[in-house]
Amino acid sequence: MDEAFVLNLMLWIPVIGVLLLIAARRNDRLARSLTVGVLTVQFVLASWLYTRFDAGAAGLQFVTNLPWIPQWGVSYLIGMDGFNVLLVMLTAFLGPVVVLGAHRSIDNDVPLFHAMVLLLQFAMMGAFLAQDLFLFYLFWEAMLIPMFLIIGIWGGTRRVYATVKFFLYTAFGSILMLAALIYLVQALAQTSSVTSFAFADLYRAQLPLSVQTVLLGAFALSFAIKVPMVPLHTWLPDAHVEAPTAGSVILAGVLLKMGTYGFMKLGFPLFPDAARAFTPALMTLAVISIVYGACLALVQTDIKKIIAYSSISHLGYVMLGLLSLELVGVQGAIMQMVSHGLVAAGLFLLVGMIYERCHTRELGDYGGLARLLPVFSVFFMIFTLASVGLPTTSGFTGEFLALLGAFAAAWPLHVAGQSYPLILASVAVLGVILGALYMLRFALTFLFGPTTAPHQPLSDLSMRERGILGALVIAIFALGLFPDSVMRKTEHAAREYQSLVKTSRLPEQAP
Amino acid sequence: MISLPHTLAAIVLLPLMGFLLNGVFATALGGHRFGNRLAAIVGCGFPIAAFVLTVNALLTLQAGGYAPLIEPLYRWATIGDSTFDVTFYFDRLSAIMTLVVTGVGSVIHVYSTGYMHDDKSHGRFFAYLNLFLFFMLLLVLGRSMLVLFVGWEGVGLASYLLIGFWFDDLANARAGKKAFVTNRIGDAGFLLGMFLLYRACGTLDMDTINAVFMGLAGSVPVVSASLVGLLLFIGATGKSAQIPLFVWLPDAMAGPTPVSALIHAATMVTAGVYLVVRMSGIYMHAPEASQVMAIVGVATAFLAATIALVQTDIKKVLAYSTVSQLGFMFLALGVGAYGVAIFHVVTHAFFKACLFLGAGSVIHALGGEQDIRKMGGLRTRIPITFWTFVIATAAIAGIPGLAGFFSKDEILWYAFASSRGGSPWLWGVAAVTALMTAFYMFRLLWLTFLGPSRMDHAVEHHVHESPLSMTGVLMLLALLSAVGGYFSIPHFLEAQVPLPAIVAEREHYERTLLVVSIVLAFSGLALAALMFGGSAERPERVKRALLPLHRLLSAKFYVDELYERLLARPLVWMSEQVLLRGSDRFMLDGMLNGMAALALRSAGLLGRLQTGSLHLYSLFVMAGIVGALVWSWRHG
Amino acid sequence: MDRTQLLLGLSIALFALGLLGLIIRRNALVMLMCMELMLNGVNLSLVTFSERYADAGGAVLVFLVFIVATAEIALAIPIVLLLVRHTRSMDIGRYTDLKG
């Protein structure tokens, strides 16, 4: 079977799902089963593509290149490379998990909800697969509407505030990015008479440093809001708290990766000189994110907010790894992206499960759950340890390699006299202490001590719940114990990232 | 001796099997399908099998002329040209450590079958113990620092789970959390050291790193050995409870006694010592780091001993004693006597495990009482426990002939005379500590077992000797405490880790110091007998005379309170007030909500233009037209 | 003062009267009439210039204005009629539904 065709099928199958849902719009149960079916098929297709992905080949695979608006140089260009292969797998994997997780908690407008999930899945997948900037931007913007509606319709009490905040914040960044990308394409057309939105062509644009700085600023703003990096993070806690469980899982599992993916695929490679010039500043923000996120997670009383702030902290490691420009750091960053997707998804699922039973998010309302719900607690402990970065879990792989990269980059600079990056990297290591501190504080009141929980007696996890959590746990341990086969697939992309960002692309001075 | 291809992997993975089996089938997770007996058999069987395999591996090693056995398992990651592999490594040092871990580990497992017999989470206990063993074996058998670190963190996890084993009492869970977090602080230093080593040597394989630092490979290391040494030592202070990170160990006594014996006496806490010996190639070229280690070690030993003098909980005395003995080990490491430190690790494992398990037997006999002020008169009631406790106490006090005497004496000797940092000052402090050790241990013995009974009546009725599963182990460990010192481990290890040279001028003091050691041991015994052998009046008078000192020591020098005030509370305050309220809510969200309010306000203002009055609208239209006309007339 | 200036003066006067009336008067129909006045003022100036410079363009424009004005009146009067029917008044101060 032609792999490019399968890739397209995998991308578009959620749209087919939406059409089918329109037919099934009166039947809640059918809507659910249909969505699960569609997303499972998507996952199967994605897995097939994953196995067919050639780790030894550089560049794009399974490419589809159809001219769309030739006058502007826009084409429908999608393909898989080391950058998106893991993220596509993650998205496809989380799709069925999310829908199965939402089984009980959504009871109004069920077909609409599932349609939103499918559209969101389509948009996210498209954003990862797009290799044309116009196409990418379309998918990037397209992600906003379903998410907006998911939070706004099925969310909690302050959902309108949260979803409007989320939307406006993200859209603001996107508008700036639009202006920047138009300018970029224009600049490329003027200097090299190539009118194209394709990434491969844009990577060759030569821009003076001042222009690069401004454009990087616009792109970085948009991506930094999505990551989220401090100080642009305040939409996340509200969005997570008010979103329904499924929304939180998708948000934490996949949407947050968009920001880091954007930096990795676009922000830094498109403007390498500016990126390198601003590395200390960006690194500072990354380390601040790590520490700030952890400190705030320490004093939260809403269990969803704890995990929200922990996400901010974890993604700081990704940025650190990317900025190191060392192979080990970049690989670590990619692994941390995937790991965070799995771990945060699991934690939000667990929180959703306990919320379904007890209807409260206050940490103080809970205690001694290990006695009341042993299976739940075992899963909670596993995800907590993965979050803390215990070796044998994926969290360790990501954090360790990313930090190692940051150090490997910082040490020669220190020897050459520039000690600031080394200080930053050392502060980042403190993040592991804080990570243990806030997660174990969470676990302490939550799992241990005298038993307290509203609406007892409580039922432990059902087979469905165990199934989805179990799948996540297996993935977490697989990435923690056997990351080699996975990292081989991203190696070429990591090297490409390195070479793109390390090569200067300032226009040559006129003689 | 049978040559098995994957012996080392088997040694490591067998306990993991035990964990998985018991973890799933003997706990609430699997509906308690295994009964107590089956869980016990599984739980003890795998460690014993591992021990047998270890002995076999040792024989194989011996037969091969002590060339290290290297067993690659699989590749963890490939980064460019360098690889991170999971490989097992077995040399003399590994052999000793693994024997201790599997051997003492197995017997403690057997002891637990008796001690935890009536516990409702019996299966979970054995699962966790096996998990611990798995990680500990990873730690000592790993070739790369990465594998060691996996084991290092893993034993921290097992410790967390086991300290907080009886988690219905929040205080126990809190103690577990304290242990994990304190360890993590040390781990941050460990990670920094590892990163630097990777940068310098391009690999994390410990044998290669040692070679690089010894200059054998011909390459000069990029990183200062002392810096790396200090960073790794910080990691060791966390795991091995040295100043300033020792505070978790006394709290860890909240866990069941076999846990205290295995993890917090015999094995996990010695991981730091193992690490330093393993990386001796670095430390031999890091005089500053070694000096720091020696000073911190002896200071810890001294401090912990002073606290142990006044503790009233039987396990707390032993906990502080452990911290103190670990200090001795680091003192030995600091003066370059690596083999001697390992020697003390082994003898300490024997007598401390015996002491802890003996304490467990006492607690078991007294139905849960741990306060030594409420004991006494147990000598005849639980004789086996008593006599094994006596032997172990004598061993730790350094009574000649027993294991502890040999190892401690060597430490004192090298502290005095090592050419790599030994000094009379170090010896002096250590000697005083040894005296205190003898004193507080015999105090413990006296108050617990001898003299008239101070037990509560209800408790006294139930006093009974422990079952064979417990007493058998006690006897075995007591025997090892007695004879374990005759096998000279330092000389066994000398081929691998050479002993430091002796400063020429001090060489002739050896006899003298030996005599002093013996005198100290017996003095401690005598002092304790004097104080506690008679009426209760004597210790009371001394206590009243030195009341402020007593209070300071009882409060453990207020270290916990200090950390709380200086670190914990400010961190929470800063996170709460500054970051959450100040920054997140006030500034960032404030700015956002402010901008939104501004937009709303200005929209409201602009909205006032929409008066709904057609008149006004037409006026605007006309004004606009006129203005446009004028403008076009002006600008031609 | 020659003929052209006179006629222009007249057209300006017409326009100004119409503008003034539009601004001042509150009766919807009267406002419409004033708008017609303004249009006629403009027409007059167009015809004047057309005659002065012998350019037929001006006259053509006048016809254009007539047509547009007619169309506009054809729409405006029914709208005013509906408004009057709705609010029972010709006072434009009563037409406030667009108040924001």
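Residues numbered from 1 in each chain as written. Chains lettered and ligands numbered in written order. Predicted model: local features only at pLDDT ≥ 70, side-chain atom pairs only at ≥ 80, totals over all residues. Heavy atoms only, no water.

(A) Region of interest: the overall build of chain A. On a plain count of helices and strands, chain A comes out with 21 helices and 2 strands. Here the C-alpha atoms of chain A give a radius of gyration of 22 Å, agreeing with the 24 Å that 2.2 N^0.38 yields for 511 residues. Projected onto the principal axes, the alpha-carbon positions of chain A cover approximately 80 × 60 × 40 Å. The buried share of chain A, taken over its 511 residues, is 67%. (Helix = DSSP H or I, 4+ residues; strand = E, 2+ residues; numbered from the N terminus. Rg over C-alpha atoms; globule rule 2.2 N^0.38 Å. Buried < 20%, exposed > 50% of the residue type's maximum accessible area, 1.4 Å probe, protein only.)

(B) Structural view of the overall build of chain C. If you tally the helices and strands in chain C, you get 3 helices and 0 strands. Seen in sequence order, chain C has helices and strands lined up from the N terminus as α-α-α. The globule rule puts the C-alpha radius of gyration for 100 residues at 13 Å, and the 17 Å found for chain C is more than 25% above it. Expressed along its principal axes, the backbone C-alpha trace of chain C runs to roughly 50 × 25 × 20 Å. Scored against the burial criterion, the 100 residues of chain C give a buried share of 27%. For chain C, the share of sequence-separated contacts (at least 6 apart) that also reach a separation of at least 24 residues comes to 54%. By element, 72% of the accessible surface of chain C is carried by carbon and sulfur atoms, the whole surface being about 6700 Å². (Contact = heavy atoms within 4.5 Å. Areas by Shrake-Rupley, 256 points an atom, 1.4 Å probe, with all protein chains shown as cover.)

(C) Geometry of the interface of chain B and chain A. Residue-level contacts link 54 residues of chain B with 63 residues of chain A. Across the chain B to chain A interface the summed buried area is about 5200 Å²; carbon plus sulfur atoms make up 75%. When residues of chain B are sorted by the area they lose upon contact with chain A, W76(B), R184(B) and F195(B) head the list and together hold 14% of the total. In this structure, the salt-bridge partner of D168(B) is R371(A), at a minimum N-O distance of 2.6 Å. Contributing elements (two or more residues each) for the side of chain B that touches chain A: β1 (69-79), α5 (145-163), α6 (170-201) and α25 (559-607) of chain B. The element best represented in the side of chain B that touches chain A is α6(B), accounting for 16 residues. Looking at the side of chain B that touches chain A, its residues break down into 37 nonpolar, 6 polar and 11 charged. (Buried area = accessible area lost by both parts, 1.4 Å probe. Salt bridge = Lys/Arg side-chain N within 4 Å of Asp/Glu carboxyl O. Nonpolar A, V, L, I, M, F, W, Y, C, P; charged D, E, K, R; others polar.)

(D) Region of the structure containing the pairing of strand β2 (residues 74-80) of chain A. Residue and element names in this part refer to chain A. With 7 of its 7 residues buried, β2 lies for the most part within the structure. Burial along β2 is two-sided: the face carrying V74, Y76, I78 and M80 and the face carrying S75, L77 and G79 are both buried. Bridge count between strand β1 (residues 61-69) and β2: 6 bridges; the pairing is antiparallel. Bridged to N65 within β2 is L77. The hairpin turn running from β1 into β2, its antiparallel successor, is 4 residues long, and G73 in that turn takes a positive phi close to 80°. (Pairing = 2+ DSSP bridges.)

(E) Geometry of the arrangement of the chains. No other pair of the 2 pairs of chains in contact has as many contacts as chains A and B. Across all C-alpha pairs, the smallest distance from chain A to chain C is 24 Å, and the two are not in contact.

(F) Quick look at the pairing of β1(B). Residue and element names in this part refer to chain B. In this sheet, strand β2 (residues 82-90) lies alongside β1 in antiparallel orientation, the contact comprising 9 bridges. What sits directly across from T78, in β2, is T83. Taking the residues that link successive antiparallel strands as the turn, the β1-β2 hairpin has 2 residues, and the phi of G80 there is positive, at about 60°.

(G) Geometry of the interface of chain B and chain C. Each partner contributes residues to the interface: chain B has 11 residues there, and chain C has 14 residues. Carbon and sulfur atoms make up 70% of the surface buried where chain B meets chain C, a total of about 1000 Å² over both sides. When the buried surface of chain B facing chain C is broken down by residue, L614(B), H615(B) and M622(B) rank first, second and third, together holding 48% of it. Linking chain B with chain C are 0 salt bridges. Ranked by the residues each element gives to the side of chain B that touches chain C, the list is headed by helix α26 (residues 614-634) of chain B, at 7 residues. Split into classes, the residues belonging to the side of chain B that touches chain C amount to 5 nonpolar, 6 polar and no charged.

(H) Main features of unusual backbone geometry. Residue and element names in this part refer to chain A. Note the cis peptide between V227 and P228, where omega equals -5°. Positionally, P228 belongs in the loop between α9 (209-226) and α10 (235-242). Of the consecutive residues V230 and P231, the connecting peptide bond is found in the cis state with omega at 5°. Within the secondary structure, P231 is located in the loop between α9 and α10. The residue H359 is not glycine, and still its phi comes out positive at about 60°.

(I) Molecular detail of the nonpolar core. Core analysis: the largest hydrophobic core is formed by 447 residues, its most contacted members being F136(A), F268(A), F446(A) and M145(B). Every residue in contact with M145(B), bar those within four places of it in the chain, is listed here: F190(B), M194(B), L197(B), L204(B), M206(B), I209(B), L232(B), L275(B) and M279(B). Counting 13 residues, the second-largest nonpolar core is a separate cluster that includes M31(C), L32(C), C34(C) and Y95(C). (Core = buried A, V, L, I, M, F, W, Y, C linked by side-chain atoms within 4.5 Å.)

(J) Just the environment of Y115(B), in detail. Residues and elements named next belong to chain B. Along the polypeptide, Y115 turns up in helix α3 (residues 92-115). With relative accessibility at 14%, the residue Y115 sits in the buried group. C-alpha of Y115 to C-alpha of S361: the two residues are 246 residues apart in sequence and 7.9 Å apart in space. The contacts of Y115, once residues within four sequence positions are left out, are T257, P258, G360, I363, H364 and M470. A distance of 2.9 Å separates polar atoms of two side chains, one belonging to Y115 and the other to T257. (Polar contact = N/O pair within 3.5 Å; in protein donor to acceptor, adjacent residues only side chain to side chain.)

(K) Representation of the confidence of the model for chain C in the model. Residue-level pLDDT values for chain C average 90, and 98% of them are 70 or greater. Listed scores for the predicted complex are pTM 0.89 and ipTM 0.92. (pLDDT = per-residue confidence, 0-100.)

(L) Highlighting the pattern of salt bridges. For the structure shown, the criterion picks out 24 salt bridges over all chains. Two residues, D371(B) and R373(B), come together in a salt bridge whose shortest N-O distance is 3.0 Å. Classification of D371(B) as buried rests on a relative accessible area of 17%. Residue R569(B) pairs with E564(B) through a salt bridge whose shortest N-O separation is 3.8 Å. For E564(B), a relative accessible area of 36% corresponds to the partly exposed category. Overlapping salt bridges bring together R158(A), K165(A), D238(A) and D589(B) as one network.

(M) Quick peek at the side chain of S45(C). Residues and elements named next belong to chain C. Tracing the backbone through its elements, the reader meets S45 in helix α2 (residues 28-53). When its relative accessible area of 17% is taken as the criterion, S45 is described as buried. S45 has contacts with L8 and S11, leaving out every residue within four places of it along the chain.

(N) Summary view of the packing of aromatic side chains. Considering all chains together, one arrives at 57 aromatic pairs over all chains under this definition. Three or more aromatic residues joined by ring pairs form one cluster here, namely F396(A), F400(A), F407(A), W76(B), F84(B), F149(B), W152(B), F190(B), F195(B) and Y198(B). Above the plane of the ring of W140(A) lies K226(A), whose end atom (NZ or CZ) is 5.4 Å from the centre. The ring of F165(B) is capped by R124(B), whose NZ or CZ atom sits 4.3 Å from the centre of that ring. (Phe/Tyr/Trp six-rings, centres within 6.5 Å; stacked < 30°, edge-to-face > 60°. Lys NZ or Arg CZ within 6 Å of the ring centre and 35° of its normal.)

(O) Just the packing of helix α14 (residues 303-324) of chain A against helix α15 (residues 327-358) of chain A, in detail. Residue and element names in this part refer to chain A. The geometry of α14 relative to α15 is characterised by a closest axis approach of 8 Å and an angle of 175° between their N-to-C directions. It follows from the interaxial angle that α14 and α15 lie roughly antiparallel. Facing I303, K304, I307, A308, S311, H314, L315, Y317, V318, G321, L322 and S324 of α14, the residues of α15 in contact are G329, V330, A333, Q336, M337, H340, A344, L347, F348, V351 and I354. (Axes fitted to C-alpha atoms, helices over the stretch in contact; angles between N-to-C directions. Parallel < 35°, antiparallel > 145°, perpendicular 65-115°, else oblique.)

(P) Region of the structure containing helix α20 (residues 468-483) of chain B. For α20(B), built from 16 residues, the straight-helix expectation of 22 Å at 1.5 Å per residue is met to within 8% by its first-to-last C-alpha distance of 22 Å. Listed in full, the buried residues belonging to α20(B) are M470(B), T471(B), V473(B), L474(B), L477(B), A478(B), S481(B) and A482(B). (Expected span 1.5 Å × (residues − 1).)

(Q) Highlighting the side chain of E399(A). For E399(A), the position within the fold is in helix α18 (residues 394-415). In this structure, E399(A) is buried with no salt-bridge partner, the nearest side chain bearing the opposite charge being R184(B) at 5.4 Å. Every residue in contact with E399(A), bar those within four places of it in the chain, is listed here: H314(A), Y317(A), Q336(A), S387(A), V388(A), G389(A) and V432(A). (Lys, Arg positive; Asp, Glu negative; His and termini not counted.)

(R) View of a nonpolar patch on the surface. Residue and element names in this part refer to chain B. On the surface, I48, F51, V52, V55 and L59 cluster together to form a nonpolar patch covering roughly 360 Å² of accessible area. As for its placement among the helices and strands, L59 is situated in helix α2 (residues 36-63). By relative accessible area, which is 36% here, L59 ends up partly exposed. (Patch = residues over 30% accessible without salt bridge, like charges linked within 9 Å, V, L, I, M, F, W, Y side chains within 5 Å.)

(S) Inspection of the packing of α15(A) against α18(A) at higher detail. All names here are of chain A. Where α15 meets α18, the axes come as close as 7 Å, and the angle between the chain directions of the two elements is 150°. With respect to α18, the element α15 is oriented roughly antiparallel. At the point where α15 passes α18, the crossing takes the left-handed sense. Seen from α15, the contacting residues are V328, G329, G332, A333, M335, Q336, S339 and V343; seen from α18, they are S394, G395, T397, G398, E399, L401, A402, L404 and G405. (Left-handed = near helix turned anticlockwise from the far one by under 90°.)

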